[in-house]
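Below are the chains, spelled out letter by letter.
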Amino acid sequence: MAAISLLNPKAEVARAAAALAVNISAAKGIQDVMRTNLGPKGTVKMLVSGAASDSFILIARASTAQDDMTGDGTTSTVLIIGELLKQADIYIADGLHPRLLAEGFDKARAKTLEILEKIKIPIEVNKENLTDIARTSLKTKVHPNLADVLTDICVDAVLAIKQENKPVDLHMVEIMEMQHKTDIDTQLIKGLVLDHGARHPDMPKRVTNAYILTCNVSMEYEKSEVNSGFFYKTAEEREKLVQAEREFIDQRVKKVIELKRKLCNGTNKNFVVLNQKGIDPMSLDMLAKEGIIALRRAKRRNMERLALACGGIALNHLDDIQESQLGFAGLVYEHVLGENKYTFVEECKVPLSVTILIKGPNKHTLTQIKDAVRDGLRAINNAIEDKALIPGAGAFELTAYNELMAFKDTVKGKSRLGVAAYAEALLVIPKVLATNSGFDAQDTLVKLQEESRLNPEPIGLDLTSGEAINPKEAGIFDNYIVKKQIINSCSVIASNLLLVDEIMRAGMSSLKG
Ligand SMILES: Nc1ncnc2c1ncn2[C@@H]1O[C@H](COP(=O)(O)OP(=O)(O)OP(=O)(O)O)[C@@H](O)[C@H]1O
Ligand SMILES: [Mg+2]
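Residue numbers restart at each chain and count upward from 1, following the sequence in its written direction. Written order decides the labels, with chains lettered from A and ligands numbered from 1. Local features in a predicted model are, by the rule used here, given only for residues with pLDDT of at least 70; side-chain atom pairs are given and counted only at 80 or more, and totals for whole chains, interfaces and linings are based on all residues. The basis for every side-chain value is the complete set of heavy atoms in the structure, and neither hydrogens nor water enter the calculation.

## Section: the overall build of the protein
To be explicit about the condition: A run of H or I in DSSP becomes a helix once it reaches four residues, and a run of E becomes a strand once it reaches two; helices and strands are each numbered from the N terminus. Here the term buried applies to any residue with accessible area under 20% of the maximum for its type, exposed to any over 50%, and partly exposed to those in between, with areas from a 1.4 Å probe on protein chains only. Every residue pair with non-hydrogen atoms within 4.5 Å of one another is taken to be in contact. Note that accessible areas follow from Shrake-Rupley with a 1.4 Å probe, and for residues the cover is restricted to the protein chains shown.
Per the secondary structure count, the protein includes 19 helices and 14 strands. For the protein, the residues scored as buried account for 50% of the 513 residues in total. Of the contacts made within the protein by residues no fewer than 6 positions apart, 76% connect residues no fewer than 24 positions apart. In the structure as shown, the protein presents an accessible area of about 24600 Å², 53% of it carried by carbon and sulfur atoms.

## Some details on the site of ligand 1
Where we set the bar: Consider each residue's heavy atoms; a residue with any of them within 4 Å of a molecule or strand counts as near. Polar contact is defined as a pair of N or O atoms within 3.5 Å, subject to the rule that within protein one atom must be able to donate a hydrogen and the other to accept it, and that residues adjacent in sequence are counted only when both atoms are side-chain atoms. Residues are grouped as follows: nonpolar covers Ala, Val, Leu, Ile, Met, Phe, Trp, Tyr, Cys and Pro; charged covers Asp, Glu, Lys and Arg; every other residue, Gly included, is treated as polar.
Taken together, 22 residues lie around ligand 1, and D72, T74, S76, K141 and D478 are the ones closest in. Between ligand 1 and D72, the relevant distance is 2.7 Å, taken from an oxygen atom to a side-chain nitrogen or oxygen of the residue. With respect to ligand 1, the side chain of T74 contributes an N or O atom lying 2.6 Å from an oxygen atom. Protein coverage of the free-state accessible area of ligand 1, which is 630 Å², stands at 92%. Of all the secondary-structure elements, those providing two or more residues to the shell around ligand 1 are helix 4 (74-93) and helix 15 (428-436). Among the elements that make up the shell around ligand 1, the one with the highest residue count is helix 4 (three residues). The class makeup of the residues in the shell around ligand 1 is eight nonpolar, nine polar and five charged.

## As for helix 18 (residues 480-498)
Residues lying three or four places apart along an α-helix face the same way, a consequence of the helix completing one turn every 3.6 residues. Selection criterion: To estimate the expected span of a helix, count its residues, drop one, and scale the result by 1.5 Å.
For helix 18, with 19 residues, the first-to-last C-alpha span of 27 Å sits near the 27 Å given by 1.5 Å per residue. By the criterion of burial, helix 18 is predominantly enclosed, with 14 of the 19 residues buried.

## Concerning the nonpolar core
Inclusion rule: Buried Ala, Val, Leu, Ile, Met, Phe, Trp, Tyr and Cys residues form a nonpolar core when they are joined through side-chain atoms within 4.5 Å.
The biggest cluster of nonpolar side chains holds 53 residues, and the ones touching the most others in it are I80, L84, F396, L404 and Y422. Mapped by element, the contributors of at least two residues to this core are helix 2 (9-34), helix 4, helix 5 (98-119), helix 13 (395-408), helix 14 (415-426), helix 15, helix 16 (441-454) and helix 18. The element best represented in this core is helix 18, accounting for nine residues. In contact with L404, other than residues within four places in its own chain, are A108, K111, T112, I115, V419, Y422, A423 and L426. L213, F271, A288 and A298 belong to the second-largest nonpolar core, a separate cluster that totals 46 residues.

## Some words on the packing of aromatic side chains
Filter applied, for reference: Whether two aromatic rings pair depends on their centres lying within 6.5 Å, for rings of Phe, Tyr and Trp, where Trp uses its six-membered ring; planes under 30 degrees apart make the pair stacked, over 60 edge-to-face, and the rest tilted.
Taken as a whole and judged by the stated rule, the model has four aromatic pairs. Relative to F271, the ring of Y211 lies with its centre 6.4 Å away and its plane at 40°, an arrangement referred to as tilted. Taken as a pair, Y211 in strand 5 (residues 206-215) and F271 in strand 6 (residues 270-275) lie far apart in primary sequence, 60 residues in all. Classification of F271 by relative accessible area gives buried; the value is 1%. Each ring, one from Y333 and one from F344, has its centre 4.8 Å from the other, and the planes form 15°; the classification is stacked. With Y333 in strand 8 (residues 327-337) and F344 in strand 9 (residues 340-346), this residue pair connects regions lying eleven residues apart in the sequence. For Y333, a relative accessible area of 16% corresponds to the buried category. By way of ring pairs, the aromatic residues Y211, F271 and F328 are connected into one cluster.

## Comments concerning unusual backbone geometry
One non-glycine residue with positive phi stands out, namely N209, at about 45°. The residue N209 is located in strand 5 in this model. You will see that A393, though not glycine, has its phi angle at about 60°, which is positive. Mapped onto the elements, A393 comes out in the loop between strand 11 (388-391) and helix 13.

## A short note on the sheet that holds strand 4 (residues 192-194)
Defined as follows: We call two strands paired when DSSP finds no fewer than two bridges between them. With axes taken as lines fitted to C-alpha atoms, and helix axes fitted only over the stretch in contact, angles between N-to-C directions fall between 0 and 180 degrees.
Read across the sheet, six strands follow the order 4-9-8-5-6-7 without closing on themselves; strand pairing throughout is mixed. With one partner strand each, in any of the chains shown, strand 4 and strand 7 (293-295) form the two edges of the open sheet. Direction aside, the axes of adjacent strands within the sheet are offset by 35° on average.

So yeah, pure geometry; function would need other evidence.
Right, dumping it as structure tokens:
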């Protein structure tokens, strides 16, 4: 193939035209697959795979890049690219050169970014605003009742870990799954959940007002050294060494017990030891007699999170332990689920790390909720970083359309057709939102455009009634950063797909040269 096109310039042109046609039809095809996803009435996300064309890969990459960056806007990206190419197809059939269209796209892109700046609503970072953005996002992912529950959880989680004047670290929100049919739903734990229980039957299963000692100190008598035979000659000597070693471990445990007695005895307070190292049965016995809960072999990662959640310091030795080094939790309890034991450390006062515990009857549900929670958290975080929101429900796209059409008249030459095509393409968002809710796209659009001519405020679509609404009043918002990325990536990808013949020619001439 390549050899023939090198020799025959006509074949080269034919191939380029065919490539353009492939790109256009691929973009339309992907758009058709994705369109039913958009908005809260959209169906659950589908994973598209298996198509081989480069254009597909390009669009898919744009859409996953979008997802990696902000966790949102992938469906809109694909829809707008598809629509840009559909529009382009009409103009190209009329003889317009793709390059002029691409030029127009780029002018429109710059203008649309200006429109975005104008429409953006500066916000204070407070519960109400964060709830609006989280709810809008979550309702596009899970059914409305669950979305409401998850909205509160996500907002409370972020507000809990958010520190004044510092960027939010979403890693401090641990997402944990529990597969179980249960009446308790997904919940926010102001603290954390360890996936094991206490190791002694006499230890309390539930305590309140608990000091938390986190440490990485062996409370385990290490037989191996003593038993190795190097250290003793007689049985008596061995016995002594064993005793000395035992004594050494006991001293450690006694230190803990001493502190516990000092702080807790005669009060309503309790004591919990969470140790990264081992605790042997004798040590556990001693602790259990004192009513102390002790967990051994806690995961290292959890040790760090424990200190963040409960306060205190993870200690590497117990030589001089003091109250100030301990954390505190309002409630510590064991929870048994089937064969698994969990320990909940919660009601931490100022937790810098929290846990969202997702419950669901099966893996599929768990994954779906987990993805939704991640999206919700990212939407909240985006809003905090942007300190702004964009009115949703198609309001931004309708406003941008109006302004771009006015702008188009100021653009000289044929590239203005690219600007018009871009403006038209943005309307795919309100149109598909309408269709997915069972309304006629054209009727709805006419209605909304009439309303937006009368109303200075951005106008969006009420998906229940099919009428115009003010998204600001309805609390429907999108992230600024997400819209910005959609605007940028759509025009770049669409232009690349359009200019496939030029790219091919450039590639070809470099081959010839
Ligand atoms: N309650 C609502 N009423 C009207 N429009 C809404 C509502 N909630 C969300 N939308 C609109 O739905 C669109 C977002 O839909 P959706 O989240 O399904 O797709 P996306 O963000 O493009 O892609 P992704 O699949 O990555 O989330 C936005 O245009 C948003 O304004
Ligand atoms: Mg979305």
